[in-house]
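# An overview of the molecular structure
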Amino acid sequence: MERKLKYTIFPTEWGYFGLVGTDNAILQSFLPIAERQLLRNKILTDFHFILHEKDLFKSVQQKVVAYFEGERIDFGADIEIELYLDSFFTKQVLVACRDIAFGQTLTYLDIAKRLGKPRATRAVGTALAKNPLPLIVPCHRVLRSDGQIGGFSAGGGAEMKAKLLEHERNV
């Protein structure tokens, strides 16, 4: 049985946010950008044979909008996601990130220790770089052991990561 992929793009205080998924789960999220058409082009380039559905994941849309308006929002385990990743370890890292509370941070080492692999800090960073669900899986809350931002492969790079962390500190 073939699953139909769908997407939605909606406005937030920070720009247009995108979600891609099936009727049952979110597969990918796109952090806000200023131009809706640029986000639409990115989605249609990354995913072929995808349908637009305005109200896709409406409750998640409402949470995302509220987050960017300054509310403390939990994108917890009640939001159905699917992680199609290249390794079990990457999936473990991203699942561990889902437990980081709003406004809190952990280090790459903290995540590695939680997974019983304290020497795997670089592997944790590599896994986080593959996160298809930024914000929903809050990898922006993982920092270097020295407290520096570290990398961020999602849209906007390290500048966006810093902006998200500052936003959460001010809520």
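Here, every reference points to the structure presented above.
Every chain's residues receive numbers from 1 upward, in the order its sequence appears when written. A pLDDT threshold of at least 70 governs which residues receive local features in this predicted model, and a stricter bar of 80 or more applies before side-chain atom pairs are shown or counted, although totals over entire chains, interfaces and linings include all residues. Each side-chain value is derived from all of the structure's non-hydrogen atoms; neither hydrogens nor water enter the calculation.

So, on to the overall build of the protein. Counting its secondary structure elements, the protein contains 6 helices and 6 strands. Helix and strand definitions here come from DSSP, where helices need a minimum of 4 consecutive H or I residues and strands a minimum of 2 consecutive E residues; each element is numbered from the N-terminal end. Counting from the amino terminus, helix and strand elements in the protein follow one another as β-β-β-α-β-α-α-β-α-α-β-α. For a compact globule the rule gives 2.2 Å times the number of residues to the power 0.38, and the radius of gyration it is set against comes from C-alpha atoms. Here the C-alpha atoms of the protein give a radius of gyration of 16 Å, agreeing with the 16 Å that 2.2 N^0.38 yields for 171 residues. In terms of overall dimensions, the protein has C-alpha extents of about 45 × 40 × 25 Å along its principal axes. Think of it in three bands: with a 1.4 Å probe and only protein chains considered, a residue is buried below 20% of the maximum accessible area for its type, exposed above 50%, and partly exposed in between. Within the protein, the fraction of its 171 residues that count as buried is 47%. Taking all contacts inside the protein whose residues are at least 6 apart in sequence as the whole, residues at least 24 apart take part in 59%. Just so you have it, the protein exposes about 9200 Å², and 49% of that area is on carbon and sulfur atoms. Note on charges: Lys and Arg go in the positive column, Asp and Glu in the negative column, and His and the chain ends are not counted at all. Charge coordinates come from a single atom per side chain, which is NZ of Lys, CZ of Arg, CG of Asp or CD of Glu. Of the charged side chains in the protein, 23 are positive and 20 negative; the average position of the first set lies 5 Å away from that of the second. Residue contacts are counted whenever heavy atoms from the two residues lie within 4.5 Å of one another. Note on areas: these come from Shrake-Rupley sampling with a 1.4 Å probe, and a residue is covered only by the protein chains present in the view.

Next up on the list: the packing of aromatic side chains. Given two aromatic rings, one states the distance between the centres and the angle between the planes to describe the pair. Classification of ring pairs uses Phe, Tyr and Trp, with its six-membered ring standing for Trp, and accepts pairs whose centres are within 6.5 Å; under 30 degrees between planes counts as stacked, over 60 as edge-to-face, and the remaining range as tilted. Counted under the stated rule, the structure contains 6 aromatic pairs. For the pair Phe-17 and Phe-68, a centre-to-centre distance of 6.2 Å together with 50° between the ring planes defines the contact as tilted. With Phe-17 in strand 2 (residues 15–21) and Phe-68 in helix 2 (residues 58–68), the pair connects residues that are 51 residues apart, well separated along the chain. For the pair shown, Phe-17 and Phe-68 are each scored as buried. Ring centres of Tyr-67 and Phe-75 lie 5.9 Å apart, and the angle between their planes is 55°; on these two criteria the pair is classed as tilted.

Our next topic: the pairing of strand 3 (residues 26–33). In regular strands, side chains alternate between the two faces of the sheet. For strand 3, a buried count of 7 out of 8 residues is recorded, marking the element as mostly surrounded by other parts of the structure. Strands qualify as paired when DSSP identifies two bridges or more between them. As judged from the 5 bridges shared by strand 2 and strand 3, these two strands associate in the antiparallel manner. Following the sheet pairing, Leu-19 is matched in strand 3 by Ser-29. Connecting the antiparallel pair strand 2 and strand 3 is a turn made up of 4 residues.

By themselves, these observations are geometric and do not establish any function.
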